[in-house]
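Take a look at the letters that make up each chain.
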Amino acid sequence: MKIRILTLGLLYLLSIQASAQNLKALVGGTLIDGFGGTPIRNSVIIVEGERIKAVGQVGSLEIPAGAEVISTEGMSVLPGLWDMHVHLMLNGHSDYTHWDTTYLDVLESVIMPSSAHQLLMAGVTSARDLGAPLEASINVREKINQGEIQGPTIYVSGPFIQKAPYPGTEAFRWGVNGAADARAKVKKLIDAGVDVIKLIDQDQMTLEEAKAVVDEAHKYGKMVVGHSHRPDEIRIGLQIGVDNFEHTGLSSAPEYPEDIMRMMKERAAKMNLGPLFWTPTVEGLWNYEYVRDNPEKLDDPSWHLGLPDSIIRDIRASLRYPGRMSYFQLTPVRKPTLTRKFAQLKESGVVMLVGTDSGIPMKFHSQSTWNELDVWVNQFGMDPLLTIKAATYWPAVAMKVDKDYGTISEGKYADIIAVRGDVLRYINLLQDVDLVMKHGKQVK
């Protein structure tokens, strides 16, 4: 009997110790919780296992005995960032045709895991991958979820849906031929387990084809993300019910036409449909000329993480002449339009989301997201709190996972980052995140 009592007592003590080891307390920093309100000074965040147990302040929220204390004194503490438009299959190489033909077979094993790891180290704990081969997209997402590779929580679209794929891109661009085929292609993606449907070139489809894509996606509760490069892409997208538009347009037109603004405002007013989301992806355009003339950031070794030397050399060689890239030749003409279009989006009532097109030429996953926030705040005058909200709270709402993600609040996954200094005054401090916690585990 005494042995049994001693055994039970030992098990009880071990359970208490295990519980304490499962507790963490982030103490002392200024908490920007993602809701957009006044920051909490001298904050305390209690993390139990994967989730946030309590949020408060030093002196009012007791730190549990035995909890691991992580000092955030002198730091800004905020939810892990979201990047709502990344391309894990790309790593900044300037020649898409070369990249697609050379590395297609190692996207899943090398390229996409490298991209995901770089994003996580940059403080991005959730990301939306918009365009990659279907099997690779699903497999990389699942390997991250199972802890086999490091990366953000990923939401994938798999291949683009468009009228006809560009030659050599059939692995990650699916064409449609008629409304029935459009529905079948969307259903195939959904059956495979994608999180969203990516639609581009909808102005080149018949209206029936484009509408079939959206209707089929909505039938299964999936949002549709649509390109907005051309006015008719927006017009048709609004007409058929696209949920989230991407980019600000490939042309040098100075602003969105009046009829499109009317349509956007009318759609934004229909709150029964939920917010109309828009991901401007402006930093690549805005910063191109600076990077061209000051290419030191192209030598930053942060984008080497997870890549073999041969691929690093290939990427570096492709970026030898930043000013010669055909991809960016119109950019100096497009850049002056961004200020006006960004302002129009704010005026229209759409909910803007932080996304970057990360992976396009000269844009690395280790750098893109903080650059987007920096441009919003320091170039377009966006309030820093609202900018952070557009990179935390609103993306979680858009992806319908706000019960678990997007803010630092009780019950949600402990996706938390911290940076030394006042990030509301100096948003570019996010270029060097000091602490990254994902699902309660400190990974940096």
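Whatever comes next refers back to the structure up there.
Residues numbered from 1 in each chain as written. Predicted model: local features only at pLDDT ≥ 70, side-chain atom pairs only at ≥ 80, totals over all residues. Heavy atoms only, no water.

Caption draft 1: Local environment of the side chain of serine 368. For serine 368, the position within the fold is in helix α12 (residues 368-378). Under the relative-accessibility criterion, serine 368 is labelled buried at 1%. A polar side-chain atom of serine 368 sits 2.9 Å from the main-chain carbonyl oxygen of phenylalanine 364. Setting aside anything within four residues of it in sequence, one finds serine 368 in contact with Glu283, Thr356, Ser358 and Lys363. (Helix = DSSP H or I, 4+ residues; strand = E, 2+ residues; numbered from the N terminus. Buried < 20%, exposed > 50% of the residue type's maximum accessible area, 1.4 Å probe, protein only. Polar contact = N/O pair within 3.5 Å; in protein donor to acceptor, adjacent residues only side chain to side chain. Contact = heavy atoms within 4.5 Å.)

Caption draft 2: A look at unusual backbone geometry. Phi at threonine 281 is positive, roughly 45°, even though this residue is not glycine. One non-glycine residue, methionine 362, adopts positive backbone phi at about 70°. Looking at the secondary structure, you find methionine 362 in the loop between β16 (351-352) and α12.

Caption draft 3: Fine view of the layout of surface pockets. In this structure, the largest pocket encloses a volume near 940 Å³. For the largest pocket, the lining is made up of 42 residues, of which Tyr96, Arg173, Tyr327, Asp357 and Ile360 are closest to its centre. Elements supplying a minimum of two residues to the lining of the largest pocket: α2 (96-103), α9 (283-293) and α11 (331-348). Considering every element that reaches the lining of the largest pocket, the biggest residue donor is α2, with four residues. The residue inventory of the lining of the largest pocket, partitioned by class, reads 16 nonpolar, 18 polar and eight charged. In terms of lining residues, the second largest pocket is bounded by 24 residues, among which Lys297, Gln367, Trp370, Asn371 and Gln431 are the most central. Mapped by element, the contributors of at least two residues to the lining of the second largest pocket are α3 (107-121), α9 and α12. Looking at which element gives the most residues to the lining of the second largest pocket, the answer is α12, with five residues. Grouping the amino acids of the lining of the second largest pocket by side-chain chemistry returns 10 nonpolar, nine polar and five charged. (1 Å grid on protein atoms, 1.4 Å probe; cavity = no way out; pocket = protein on both sides within 12 Å on 5 of 7 lines; lining within 4 Å. Points joined across faces, edges and corners; volume = space filled by probe spheres on them. Nonpolar A, V, L, I, M, F, W, Y, C, P; charged D, E, K, R; others polar.)

Caption draft 4: Structural detail: the packing of aromatic side chains. All chains considered together, the criterion is met by 16 aromatic pairs. For the ring pair tryptophan 286 and phenylalanine 380, a centre distance of 5.1 Å and an interplane angle of 80° mean the geometry is edge-to-face. Here tryptophan 286, found in helix α9, pairs with phenylalanine 380, found in the loop between α12 and α13 (384-389); they are 94 residues apart in sequence, far enough to count as distant. Neither tryptophan 286 nor phenylalanine 380 differs from the other in exposure class; each is buried. In this structure an aromatic cluster arises from ring pairing among Phe35, Phe277, Tyr393 and Trp394. (Phe/Tyr/Trp six-rings, centres within 6.5 Å; stacked < 30°, edge-to-face > 60°.)

Caption draft 5: Quick look at empty space enclosed by the protein. Using the criterion set out here, one finds one cavity of 30 Å³ or more in the structure. In this structure, the largest cavity occupies an estimated 50 Å³ of space. Lining the largest cavity are Pro79, Gly80, Trp82, Thr125, Ser126, Asp404, Tyr405, Gly406, Thr407, Tyr413 and Asp415. When its residues are assigned to classes, the lining of the largest cavity shows four nonpolar, five polar and two charged.

Caption draft 6: Focus on the sheet that holds strand β3 (residues 43-48). If you trace the four strands from one edge of the open sheet to the other, you get β4-β3-β1-β5, paired in mixed fashion. In this open sheet, the two strands that pair with only one neighbour each are β4 (51-57) and β5 (68-71). When strand polarity is set aside, the average angle formed by the axes of neighbouring strands in this sheet is 20°. (Pairing = 2+ DSSP bridges. Axes fitted to C-alpha atoms, helices over the stretch in contact; angles between N-to-C directions.)

Caption draft 7: Quick look at the sheet that holds strand β17 (residues 416-420). A sheet is described by the order of its strands in space; here five strands give the open sequence β2-β6-β17-β18-β19, paired in mixed fashion. Each edge of the sheet is formed by a strand with only one pairing partner; in this case those strands are β2 (30-31) and β19 (441-442). Bridge count between strand β6 (residues 75-79) and β17: five bridges; the pairing is antiparallel. When the bridges of β17 are listed, methionine 75 appears paired with arginine 420.

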